[in-house]
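Listed below, chain by chain, are the residues.
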Amino acid sequence: VSTCGIVLGLEESHPDGNRGVWAVPGCHPSPGATLAIHPIPCVPQGKVPASNILASAPSDKNLDAWRAVIPLLVPGQELGCRTTHCNLEVVHRSTLVFLATKPHILPGVLEEIRPAVGSHHIVVSLVAGVTIQTLQRLLPPWTKVLRIMPNLPCVVQAGAMVFSRGSNAGDEEATLLKSLLSSCGLCEEVPESYIDIHTGLSGSGVAYVYLFAEALAEGAVKMGMPGALASRIAAQTLLGAAKMLLETGEHPAKLRGDVCTPGGTTIYALHQLEKGALRATVMDAVEAATNRACDMAKD
């Protein structure tokens, strides 16, 4: 990919309540108010230089971070993304175009760029609640469309992303997208119906984990540990548990059982969590977020 284009939206919060965040080839952002508004330029595995990325947005406020020039890992070298206020320029000068706007803005953007979209373009949407069917209806019939949903830890290249492809996107486009984004974390191709479930599981799920981490630390503070230390240990505990799940491939129940000893501290603590219906409450949370994502697609 020689040039990647990114079309951004307004400086509003993401419609599902999450702080928008996205990682594109050559850039990975810090949390911002809208998808991909506050990137930190870098070159993940040297796949696409940031200087080959062209971003458009309505205001300079949105684009300042994209233009920012920061030191690279190699001392003495610096880079920044190119920017414009013209969405058509992005399409004319790019082959791979990412759409990261608010849902209600997207139809107008697609109407604007539609005449410039050719058979060589690959259009990737990050827009919540907008289906592949809608994207294909609003773009030329030959357009290669893919839809992707990231989550916040893409910021630290430990994200979980899923994507689906439209009828004109083949194995080549899917492989390209997965290759480019794998440096930002796990990236899996799924049926489009899984995207809303991914929102409830992982997109919103990171907030559930943060809430649990906060509760862990506050429990330790209640028992006398300093807050900063408790927070660090809580975060490391979650990191270590997640790493064991991924690296061992064991079922969570198996690993949980390995920690419990008869009459020990862990089984007493788990009894309290079960009395508080932690398991059912988390399942209800995933269901609620998934249903809300489905409702957004209907609005």
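Residues numbered from 1 in each chain as written. Predicted model: local features only at pLDDT ≥ 70, side-chain atom pairs only at ≥ 80, totals over all residues. Heavy atoms only, no water.

1. Topic: the overall build of the chain
So, point 1. Within the chain, the regular secondary structure consists of 11 helices and 12 strands.
So, point 2. Counting over 299 residues, the chain shows a buried share of 42%. (Helix = DSSP H or I, 4+ residues; strand = E, 2+ residues; numbered from the N terminus. Buried < 20%, exposed > 50% of the residue type's maximum accessible area, 1.4 Å probe, protein only.)

2. With respect to the side chain of N87
So, point 1. Along the chain, N87 falls in helix α2 (residues 87-93).
So, point 2. A relative accessible area of 11% means that N87 is categorised as buried.
So, point 3. Engagement of the side chain of N87 in a polar contact is seen with the side chain of S56, the distance being 2.6 Å. (Polar contact = N/O pair within 3.5 Å; in protein donor to acceptor, adjacent residues only side chain to side chain.)

3. Focus: the packing of helix α6 (residues 193-203) against helix α7 (residues 205-222)
So, point 1. Viewed as axis vectors pointing N to C, α6 and α7 meet at an angle of 20°, and their least axial separation amounts to 5 Å. With respect to their mutual orientation, α6 and α7 come out roughly parallel. Each of T199, G200, L201, S202 and G203 in α6 lies in contact with α7, whose residues at this interface are G205, V206 and Y208.
So, point 2. Classifying every residue of the contact of α6 with α7 by side-chain character gives three nonpolar, five polar and no charged. (Axes fitted to C-alpha atoms, helices over the stretch in contact; angles between N-to-C directions. Parallel < 35°, antiparallel > 145°, perpendicular 65-115°, else oblique. Contact = heavy atoms within 4.5 Å. Nonpolar A, V, L, I, M, F, W, Y, C, P; charged D, E, K, R; others polar.)

4. Details of the nonpolar core
So, point 1. Ranked by internal contacts, the top residues of the largest apolar core, which has 26 residues, are V124, I148 and L177.
So, point 2. Elements with a minimum of two residues in this core: β4 (53-56), α1 (60-67), β8 (96-100), β9 (122-125), β10 (144-149), β11 (159-165) and α5 (171-181).
So, point 3. Among the elements that make up this core, the one with the highest residue count is α5 (four residues). (Core = buried A, V, L, I, M, F, W, Y, C linked by side-chain atoms within 4.5 Å.)

5. Description of the side chain of D196
So, point 1. As for its placement among the helices and strands, D196 is situated in helix α6.
So, point 2. Not counting residues up to four positions away in its chain, the partners in contact with D196 are R147, T290, A293 and C294.

6. Overview of the pairing of β11
So, point 1. With six of seven residues buried, β11 lies mostly within the body of the structure.
So, point 2. Looking at chain direction, β10 and β11 are connected through four bridges and run antiparallel. Following the sheet pairing, I148 is matched in β11 by F163.
So, point 3. With five bridges joining them, β11 and strand β12 (residues 185-189) adopt parallel strand pairing. Pairing of A160 across the sheet is with L186, part of β12. (Pairing = 2+ DSSP bridges.)

7. Focus on the packing of α7 against helix α8 (residues 227-248)
So, point 1. Across the interface, α7 lies against α8 with an axial gap of 8 Å and an inter-helix angle of 135°. Relative to α8, α7 is oriented oblique. Every pair of crossing elements has a handedness; the one defined by α7 and α8 is right-handed. Across from V209, F212, A213, L216, A217, A220 and V221 in α7, the residues of α8 making contact are G227, A230, S231, A234 and L238.
So, point 2. Looking at the contact of α7 with α8, its residues break down into 10 nonpolar, two polar and no charged. (Left-handed = near helix turned anticlockwise from the far one by under 90°.)

8. With respect to α1
So, point 1. Among the residues of α1, those classed as buried are N62, L63, A65 and W66. For α1, the arc enclosing every buried residue in end-on projection is 150°, short of the 170-degree limit, so these residues lie on one face. (Arc of directions from axis to C-beta.)

9. Notes on the pattern of salt bridges
So, point 1. This model, assessed by the stated rule, comprises eight salt bridges.
So, point 2. One salt bridge in this structure joins E192 and R147, with 3.0 Å as the shortest N-O distance. One end of the pair, E192, is in the loop between β12 and α6; the other, R147, is in strand β10, with 45 residues separating them in the sequence.
So, point 3. With a relative accessible area of 26%, E192 lands in the partly exposed category.
So, point 4. R147 sits in the buried class, given a relative accessible area of 4%.
So, point 5. Between R165 and E189 there is a salt bridge, with its nearest N and O atoms 2.6 Å apart. Of this pair, R165 sits in strand β11 while E189 is found in strand β12, placing the two residues 24 residues apart along the sequence.
So, point 6. R165 sits in the partly exposed class, given a relative accessible area of 27%. (Salt bridge = Lys/Arg side-chain N within 4 Å of Asp/Glu carboxyl O.)

10. Examining the confidence of the model for the chain
Segments scoring low in pLDDT should not have their predicted coordinates read at a detailed level.
So, point 1. Within the chain, residue pLDDT values average 82, and 81% of them lie at 70 or more.
So, point 2. Overall, residues 10-45 carries pLDDT values under 50, and its contacts beyond four positions in sequence, including any with other chains, amount to 130 contacts.
So, point 3. Below pLDDT 50 for its whole length, residues 70-78 participates in 12 contacts with residues either more than four positions away or in separate chains. (pLDDT = per-residue confidence, 0-100.)

11. Regarding the environment of V91
So, point 1. Mapped onto the fold, V91 is located in helix α2.
So, point 2. Owing to a relative accessible area of 1%, V91 belongs among the buried residues under this scheme.
So, point 3. For the pair V91 and H121, spaced 30 residues apart in sequence, the C-alpha separation works out to 8.1 Å.
So, point 4. Setting aside chain neighbours within four positions, we find V91 in contact with V97, I113, A116, V117 and H121.

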